[in-house]
Structure formats: C-alpha cells, structure tokens
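Chain and residue survey
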Amino acid sequence: MSALAERTAEAVARVLEAIQNAGLVEVEVSARHVHLNEADWKILFGDTKAGLTPKRPLSQPGQFLSEERVTLISPKGRMEKIAVLGPLRGATQVELSKSDAVALGINAPVRESGDLDGSARITIEGPEGAVTIEQGAIIAKRHIHVPLKVAEALGFENGSIVSVQLFTDRPVILQDVVLRVSDKFSYRMHVDFDEANAANMHGFTLGRIIRQEPLMP
C-alpha cells in the first residue's frame, strides 16, 4: 500500500470512529431482494449451475449482490428482475417494502430477518423452474447492524430497541429500530424504500441514535 493510500485509510478510519463515538450511524437503503436456500436455488437455476455469481460486495462482510435475478409471482401480479443476494442461506426469504406487498396483494408481516413462521406465501420463478414457499415473504423490520466493539463502546445490547433521527432535507425520527449485535457485522442501519422515500434520502446519509422508551401498545 502506498503512503497516500495509508494516510487515506487512516483518515477514513478516524472519521468512522468519530461518527460512532458521536452516536451516529450510516443509513443504507435495502431494496427488495431474495435470499435462497440451496434446494430452491437448484430448482430455479438448475443443478448444473455452480452457484451464485457475485456482482459486487455489500457492506456486510461476506455478503454480495449476485448477477442472478428472479421473478416474484402472486395471485395479484408479478415483479420481475428481483435481486438475489448471496451467499445461499438455510431458508429462502423474500424481503419487500409495504408498497411492494400491497402491489403483490400479499399480507407480509414486519419481521426481523429469519423470523419466518407465519409469514406470507409467494412464488419465485427463475430461468429453470419455480418454487412456491408457504412462508418466507416479510417486510424487514428496520434495524442496525452493530459490531461487537461498537456495542461495547456505546453500551448497546443485542435486541435493544432505539429510535433514529435521519439527517435529510425532510428529517424524520424512525422508532422501533432493533439493534443486531455481532462481531461479524459492519456498522450500518438498513431501511427500505418506503422509509427512505418518506425522509427523502439520497446519497450518504447519517442518523442519530436516540434511546427509546417502550412504545404504547
């Protein structure tokens, strides 16, 4: 690494540390996408295909946007060219915004990733076949990926609920944001397109984490 590159990396690290210490977090928009398990992958893309083809890495370590695309089908309509994220998972999961769910005519619940019991039914179509999952379509609960070191420094606990004030030209405070703590995470908040559009998000966006009292039922 050149001296310039080293200085740049050090400066970026200092900026990121300052952001964290100030109780801020970078906010990213998570568009509609699909996670596939191996069995469904083989049905959709064929046994002979080696695996997902990485297109570009995502902010979370080891995760990537693939070249592959699928179509979502419901009794009410279709959505084509839906992104598939890698790597393959243990369970197939479809993550939508509320607007997407309304357009498809399905009753997708707001859930954390992986909490699929009783979630919505949907059909996924690939170039070689289609599968109907009886549950797996959700609206992802807004959340923050928190590395363990950041959680320890800021006093965050896995599963805690906070609010986040988004710094945009149409500022909003998002409540009921879950903290997900792991030493495998990069420090990012994820919202869907409905939430991003409500705040008029575009480009690099920061949010301020606010301690939240329990919401009224």
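Refer to the structure printed above.
Here we summarise the structure given alongside this text.

Rules used in this analysis
- Residues numbered from 1 in each chain as written.
- Predicted model: local features only at pLDDT ≥ 70, side-chain atom pairs only at ≥ 80, totals over all residues.
- Heavy atoms only, no water.
- Helix = DSSP H or I, 4+ residues; strand = E, 2+ residues; numbered from the N terminus.
- Buried < 20%, exposed > 50% of the residue type's maximum accessible area, 1.4 Å probe, protein only.
- Areas by Shrake-Rupley, 256 points an atom, 1.4 Å probe, with all protein chains shown as cover.
- Lys, Arg positive; Asp, Glu negative; His and termini not counted.
- Charge placed at Lys NZ, Arg CZ, Asp CG, Glu CD.
- Pairing = 2+ DSSP bridges.
- 1 Å grid on protein atoms, 1.4 Å probe; cavity = no way out; pocket = protein on both sides within 12 Å on 5 of 7 lines; lining within 4 Å.
- Points joined across faces, edges and corners; volume = space filled by probe spheres on them.
- Nonpolar A, V, L, I, M, F, W, Y, C, P; charged D, E, K, R; others polar.
- Core = buried A, V, L, I, M, F, W, Y, C linked by side-chain atoms within 4.5 Å.
- Contact = heavy atoms within 4.5 Å.
- Axes fitted to C-alpha atoms, helices over the stretch in contact; angles between N-to-C directions.
- Salt bridge = Lys/Arg side-chain N within 4 Å of Asp/Glu carboxyl O.
- Arc of directions from axis to C-beta.
- Polar contact = N/O pair within 3.5 Å; in protein donor to acceptor, adjacent residues only side chain to side chain.

Thoughts on the overall build of the protein chain
Helices and strands together make up the secondary structure of the protein chain, namely 5 helices and 14 strands. By its C-alpha atoms, the protein chain is 55 × 50 × 30 Å across when sized along the principal axes. Buried residues in the protein chain amount to 44% of all 217 residues. Surface accessibility of the protein chain: about 11,800 Å² in total, with carbon and sulfur atoms responsible for 52%. Between the averaged position of the 24 positive side-chain charges in the protein chain and that of its 28 negative side-chain charges there is a distance of 3 Å.

Quick look at the pairing of strand β10 (residues 143-146)
Side chains H143 and H145 project from β10 onto one buried face, and the interleaved I144 and V146 project onto a second face that is buried too. Two elements, β10 and strand β12 (residues 172-181), share 4 bridges in a ladder whose sense is parallel. Bridging across to β12, H145 finds its partner in R180. Bridge count between β10 and strand β13 (residues 188-191): 3 bridges; the pairing is antiparallel. By the bridge assignment for β13, H145 is matched with R188.

Looking at the layout of surface pockets
Each pocket or cavity is described by its volume, and for the largest pocket that value is around 790 Å³. Forming the boundary of the largest pocket are 38 residues, of which V29, S30, A31, H33 and L85 lie nearest the centre. When contributions to the lining of the largest pocket are tallied by element, the ones reaching two or more residues are β1 (24-29), β2 (33-37), β5 (78-89), β6 (93-96), α3 (98-104), β10, β13 and α5 (193-198). Examining the composition of the lining of the largest pocket, we find that 6 residues originate from one element, β5, more than from any other. Tallied by class, residues from the lining of the largest pocket come to 12 nonpolar, 12 polar and 14 charged.

A look at the nonpolar core
With 25 residues, the main nonpolar core has L72, V94, I106, I122 and I124 as its most contacted residues. Every element with two or more residues in this core is listed here: β2, α2 (38-45), β4 (64-73), β5, β6, α3, β8 (120-125) and β9 (130-140). Take this core: its biggest share by element is 4 residues, from β9. Those residues in contact with I122 that sit more than four places away from it in its chain are L72, I73, V94, L104, I106, V131, T132, I133 and A137. If you look at the next biggest cluster of nonpolar residues, it comprises 22 residues, including V27, I144, A199 and M201.

Details of the sheet that holds β13
Pairing within the closed barrel is mixed, and its 6 strands lie in the order β1-β13-β10-β12-β11-β14. Adjacent strand axes in the sheet meet at a mean angle of 40°, parallel and antiparallel pairs treated alike. The pairing of strand β11 (residues 161-166) with β12 spans 5 bridges and is classified as antiparallel. Looking across to β12, one finds that I161 is bridged to V178.

Structural notes on the pattern of salt bridges
A side chain with one charge can pair with a side chain of the opposite charge if their charged atoms come near. Enumeration according to the criterion identifies 10 salt bridges in this entry. One salt bridge in this structure joins K42 and E38, with 3.6 Å as the shortest N-O distance. With a gap of 4 residues between them, K42 and E38 both fall in helix α2, about one helical turn apart. Judged by its relative accessible area of 36%, K42 is partly exposed. Overall, E38 belongs to the partly exposed group, its relative accessible area being 47%. The shortest N-O distance in the salt bridge between R121 and E134 comes to 3.0 Å. Linking R121 in strand β8 with E134 in strand β9, this pair joins segments that are 13 residues apart in sequence.

Comments concerning α2
Among all positions in α2, only D40, W41, L44 and F45 are buried. Along the long axis of α2, the arc covered by the buried residues comes to 110°, so they all point the same way. Among the structural elements, β2, β4, β5, β8 and β9 are those in contact with the buried residues of α2. Immediately beyond the C-terminal end of α2, within one or two residues, lies G46, with a positive phi of roughly 95°.

A short note on the side chain of T168
Among the secondary structure elements, T168 is positioned in the loop between β11 and β12. For T168, the side chain forms a polar contact with the main-chain oxygen of R170, separated by 3.1 Å.

Observations concerning the side chain of E195
Structurally, E195 is set in helix α5. A polar side-chain atom of E195 sits 2.8 Å from a polar atom in the side chain of R142.

This is a description of form; function is not addressed.
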